[in-house]
Amino acid sequence: MIKENLIAIKNDIILEEKKAKRQPNSVKLLAVSKFHSASDVIEAIKSGQTMFGENRVQEAALKFDEVHKSYPDVELHIIGTLQRNKVKDAVRISSCIESVDRIELLDEIEKQCAKIDKRIKVFFELHTGEESKSGFENIDTLKEAVKLCANGMYPHIIPSGFMTMAPFTEDTNAIKKSFTTLKMVAQKIQADFPTLTLTELSMGMSNDYKIAIEEGSTIVRIGTAIFGKRDAQNTKL
Ligand SMILES: *Cc1c(COP(=O)(O)O)cnc(C)c1O
């Protein structure tokens, strides 16, 4: 089913790009494999998928240390709230940390990347939906974090864009509001820091990716619609 699901979603993405009058291939698909096995990931790779997302570092490290043995070029993005003591493993296994939500985290990412001489992309996560707790709450603090990057404080960090999670609701307007907020904040901050290239907007999940594409998403993070339902007891993680 993974192969069929991937084909269906990619077709949907193409359709939505057209509907929104966006360039072909302007939306990338991140396959969120949390709670699914390394063999599911490999099945997706064999179906042409090259970018994955995981939200828990320990689980991701077990899985992707295995996957990377056979497929070293497969990209992993960390998308979940990151504790300081997990940063070392996070930067080892991933190419991008999408869930930067505090300045202290940038300090630790820089420190751990410097140790292994690796440069890594980061997105700044903005809190826009009521239900999720993650992301910068305060736009000024987020701006402060971007400013430190622009001032050259973090030579191993490549600030590349923004991420948000819309509220989990049937209310399309509430979802749209969350995405337009991220887009507006991104445009403002990009204008303030023209030396940076903050073009990525990671927004949209299985239930709301069509809305996200309409609102300008460049990366949709899709789990359930590719891999099926996660273990019910774990869906909150
Ligand atoms: C789990 C998760 C997703 C994917 O959610 P689905 O509804 O399964 O598509 C996307 N983004 C984040 C941050 C997640 O934790």
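Before any of the text, the structure's been laid out above.
Residues numbered from 1 in each chain as written. Predicted model: local features only at pLDDT ≥ 70, side-chain atom pairs only at ≥ 80, totals over all residues. Heavy atoms only, no water.

Draft legend 1. Fine view of the pairing of strand β5 (residues 120-125). Across the six residues of β5, five count as buried, placing the element largely inside the fold. Pairing of strand β4 (residues 96-100) with β5, which is carried by three bridges, proceeds in the parallel orientation. Within the sheet, the bridge partner assigned to C96 lies in β5 and is K121. What joins β4 to β5 is helix α5 (residues 103-116), and the crossover it makes is right-handed. (Buried < 20%, exposed > 50% of the residue type's maximum accessible area, 1.4 Å probe, protein only. Helix = DSSP H or I, 4+ residues; strand = E, 2+ residues; numbered from the N terminus. Pairing = 2+ DSSP bridges. Right-handed = clockwise from strand over helix to strand, strands pointing away.)

Draft legend 2. Spotlight on helix α6 (residues 139-150). In this model α6 runs 16 Å from its N-terminal to its C-terminal C-alpha over twelve residues, within 8% of the 16 Å that 1.5 Å per residue would give. In the core, the buried residues of α6 are packed alongside α5, β5, β6 (157-163) and α7 (172-192). Structurally, the start of α6 carries an N-cap: the backbone nitrogen of D140 is 2.7 Å from a side-chain oxygen of N138. (Expected span 1.5 Å × (residues − 1). Contact = heavy atoms within 4.5 Å. Polar contact = N/O pair within 3.5 Å; in protein donor to acceptor, adjacent residues only side chain to side chain.)

Draft legend 3. Quick peek at the packing of aromatic side chains. Here the structure, examined in full by the defined rule, presents two aromatic pairs. For the ring pair F52 and F64, a centre distance of 5.9 Å and an interplane angle of 55° mean the geometry is tilted. Of the two residues, F52 sits in strand β2 (residues 51-54) while F64 sits in helix α3 (residues 57-70), which places them twelve residues apart along the sequence. Measuring from centroid to centroid gives 6.1 Å for F124 and F162, while their planes differ by 45°, and the two rings are tilted. One end of the pair, F124, is in strand β5; the other, F162, is in strand β6, with 38 residues separating them in the sequence. The exposure classification of F124 matches that of F162, with both residues buried. (Phe/Tyr/Trp six-rings, centres within 6.5 Å; stacked < 30°, edge-to-face > 60°.)

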